[in-house]
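Summary of structural features
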Amino acid sequence: MAINLDNSNIGTRENRLGSITGYVGSVSDITTQSECGTLRGCGRCFSQSSSCLSGCALSQLGGIRDVAVIHHGPSGCSCTATTQYQTTKQVAKKRGVVNNSVYIGTDMDENDTIFGAADKLHDIILEVNRRYKPKAIFVSSSCTSGIIGEDIDSVVEEVRAEVDVPVIAAHCEGFKSRIWATGFDISDHAVVSGIVKPPKEKRNTINFKNFYESARPEIIEMFKNFDLEPVFLYANATVEELEHMSEAAATTCICGVLGNYLGNALEEKYGVPYIRTINQSGIAGFETWLREIGRVTDRSDKIEKYIAEQRAIYIPQIEEVKKELKGLRAVLGMGPGYTFEVSRVLNELGIEVVWALAWHYDKKYENNDVPPTMEYLLKNNIDFEISVSDQQNYEVMNILNRFKPDLYLSRHPGSTVWAIKQGVPALYVADEYMIFGYKHTLEFAKTILNTIRNRSFEQNLAKRVKLPYTDWWYDQDLGEFLQEGKANG
Ligand code: SF4
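Basis of the calculations
- Residues numbered from 1 in each chain as written.
- Predicted model: local features only at pLDDT ≥ 70, side-chain atom pairs only at ≥ 80, totals over all residues.
- Heavy atoms only, no water.
- Core = buried A, V, L, I, M, F, W, Y, C linked by side-chain atoms within 4.5 Å.
- Buried < 20%, exposed > 50% of the residue type's maximum accessible area, 1.4 Å probe, protein only.
- Contact = heavy atoms within 4.5 Å.
- Near = heavy atom within 4 Å.
- Nonpolar A, V, L, I, M, F, W, Y, C, P; charged D, E, K, R; others polar.
- Domains from an automatic or database assignment.
- Salt bridge = Lys/Arg side-chain N within 4 Å of Asp/Glu carboxyl O.
- Polar contact = N/O pair within 3.5 Å; in protein donor to acceptor, adjacent residues only side chain to side chain.
- Helix = DSSP H or I, 4+ residues; strand = E, 2+ residues; numbered from the N terminus.

As for the nonpolar core
Core analysis: the biggest nonpolar cluster contains 100 residues, and F223, W289, L346, L409 and F444 have the highest contact counts within it. With residues up to four places along the chain from it excluded, the contact list for F223 reads I206, F208, L228, P230, W289 and I293. The next biggest cluster of nonpolar side chains, apart from the first, holds 37 residues, and it includes I186, V191, L233 and L242.

Observations concerning the site of the ligand
Taken together, C52, C77, S142, C143 and G174 make up all the residues around the ligand. Classifying every residue of the shell around the ligand by side-chain character gives three nonpolar, two polar and no charged.

Re the domain arrangement of the chain
Here the chain is described as being made up of domain 1 (50-194), domain 2 (205-301) and domain 3 (314-483). Centre-to-centre separation of domain 1 and domain 2, based on C-alpha positions: 26 Å. Taken together, the contacts link 22 residues of domain 1 with 20 residues of domain 2. There are two salt bridges connecting domain 1 and domain 2. In this structure, E213 engages R95 in a salt bridge whose closest nitrogen and oxygen atoms are separated by 3.1 Å. Connecting domain 1 to domain 2 are nine residue pairs in polar contact (both at pLDDT 80 or more). When contributions to the side of domain 1 that touches domain 2 are tallied by element, the ones reaching two or more residues are α5 (82-95) and α10 (182-194). Ranked by the residues each element gives to the side of domain 1 that touches domain 2, the list is headed by α10, at seven residues. Counted by class, the side of domain 1 that touches domain 2 contains ten nonpolar, six polar and six charged residues.

Laid out in structure tokens, this is it:
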């Protein structure tokens, strides 16, 4: 799909990528239907609350160093930023840099909702610029400013003449998409259309889209072997680094759901190759990813040498741990990028995935291809039951009760807590680099062993906790239950 950087707004994932939030079936079915274009999502007759896309969009933008994010909405909406603000400061401190980014809500009230608050927004942008001197200003809409039709584009356009840093609109009306990952695309669109400059020279840099750059030192060291320098995005990135993204040798990301809009936009607009492979988790993922970087940057010899050296160190150790993991059964609940990548790694480690829940599912990525992991699983005959569920925890509990797995893995802590209360050992795959490359795959395998060896905590807790779920719910067949809702695909 062509990316239109002249319009400050972008379509939702549902509209652009055919993404869905309801489905029950299997890897082979969803992938085949995605390839031939017949996939339709299900609605729900009951739904727990979910997340707002502005959380994803504005936490990405607010992580950039020394910028201002102005959230034009009621204070309730701006609360989505409280954790982002804290995380930004912590991540900056960990890296040893100072991040002076600020996050401001315009506190829309009843009057503003009736009469509009464009003038107020205009004045707030000028005051924020005067007071904080940010390197760039992002102005975000919300449901409230969206519903009253506040023209933030015109305000931004007017203010640009009065402010000497980029001022960029980010359209974050939460009601427009059920998929919070649409917010990642909104932030990428804002950065590529408002910050990135046309290339002047080619650099040996790799644009590396991630969340919190926890493995930054070791990845910098690894890329030195190939005469390449990663630039981590967006947490702690400077506006100057973002301006030069068009000059990079390639773009890659820790997760296709997070980075595919940025990668495709930079490729389409500036010809920067986007690394479209399965991600770096596990042995097959790491090697496939590295080899593709070698191919597009013409460094295959150096990469093969590195792979051979690292294999000699880590593969025997991984094989040793695998002996103890064989036969374990797992259920997963994560965003679609990770849930299928981690399932692939569990298969590599000899663990059977009995069910995987993805918090949404992208039928296609921006270049119109099915996500690489899905193709990989289909091609390698790795098949298991799955459902698509926008973090509907009651559905997770139904699945866990049905399969009683040895392990539940999730990237969302609220989800793992409920599994533990049900007596299932759970592993919180919080750090995006937890399974990165050979070294972290080995550590991940050992962490699984530690999680399942002693199950007394989960068993004792389950005996003492009364959960709100009834036998009626546990007896429901998830497939039939979801089909009762209306199709929304
Ligand atoms: S923008 Fe909409 S969905 Fe998001 S927090 Fe505000 S009211 Fe809720």
